[in-house]
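Take a look at the letters that make up each chain.
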Amino acid sequence: RDGRASEARAIFEGLMKSGPVDAALMTALALACRADGQPAMAMSLADRVLAADPEQIRTLILKGDLLAEGGDARAAVAFYGRVLSLAGDAAGAPE
């Protein structure tokens with residue numbers, strides 16, 4: 001948001017081309033795309049992450065945020081609800 005989102009996006013895109021890609025890297029790129037005013041690309045990346053691992057909490061939050069920003073509050077609430085469900089599951093998990 002300080003004008004460096006494009007720079008961050010370029011760095012993450014370079015990392016994706018040069019090495020192994022994981023959910024954290026794709027989510028970071030999605031966040032940079034969102035900050036750089038590219039919500040469609042951010043959504044596409046979030047969808048790719050969630051297709052591989054539907055329990056990526058940070059990505060679920062991002063998807064909810066993108067949906068809310070796009071005016072689809074009902075869908076956003078569903079993603080936030082999934083986050084709360086997963087958080088509740090984790091809180092009750094044995095250590």
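Scroll up for the structure.
Definitions and limits used
- Residues numbered from 1 in each chain as written.
- Predicted model: local features only at pLDDT ≥ 70, side-chain atom pairs only at ≥ 80, totals over all residues.
- Heavy atoms only, no water.
- Helix = DSSP H or I, 4+ residues; strand = E, 2+ residues; numbered from the N terminus.
- Contact = heavy atoms within 4.5 Å.
- Salt bridge = Lys/Arg side-chain N within 4 Å of Asp/Glu carboxyl O.
- Buried < 20%, exposed > 50% of the residue type's maximum accessible area, 1.4 Å probe, protein only.

Section: the side chain of Thr 27
Argument step 1. You can see Thr 27 is positioned in helix 2 (residues 23-35).
Argument step 2. When residues no more than four places from it in sequence are discounted, the contact partners of Thr 27 are Val 49, Arg 58, Thr 59 and Leu 62.

Considering the pattern of salt bridges
Argument step 1. One pass over the structure, following the stated rule, counts five salt bridges.
Argument step 2. When the shortest N-O distance is used, the salt bridge between Arg 4 and Glu 7 registers 2.9 Å.
Argument step 3. Classification of Arg 4 as partly exposed rests on a relative accessible area of 49%.
Argument step 4. We note a salt bridge from Asp 65 to Arg 34, for which the minimum N-O separation is 3.7 Å.

Considerations on the environment of Leu 15
Argument step 1. Among the secondary structure elements, Leu 15 is positioned in helix 1 (residues 5-18).
Argument step 2. The class of Leu 15 is partly exposed, set by a relative accessible area of 40%.
Argument step 3. Placed 19 residues apart in sequence, Leu 15 and Arg 34 show a C-alpha to C-alpha distance of 18 Å.

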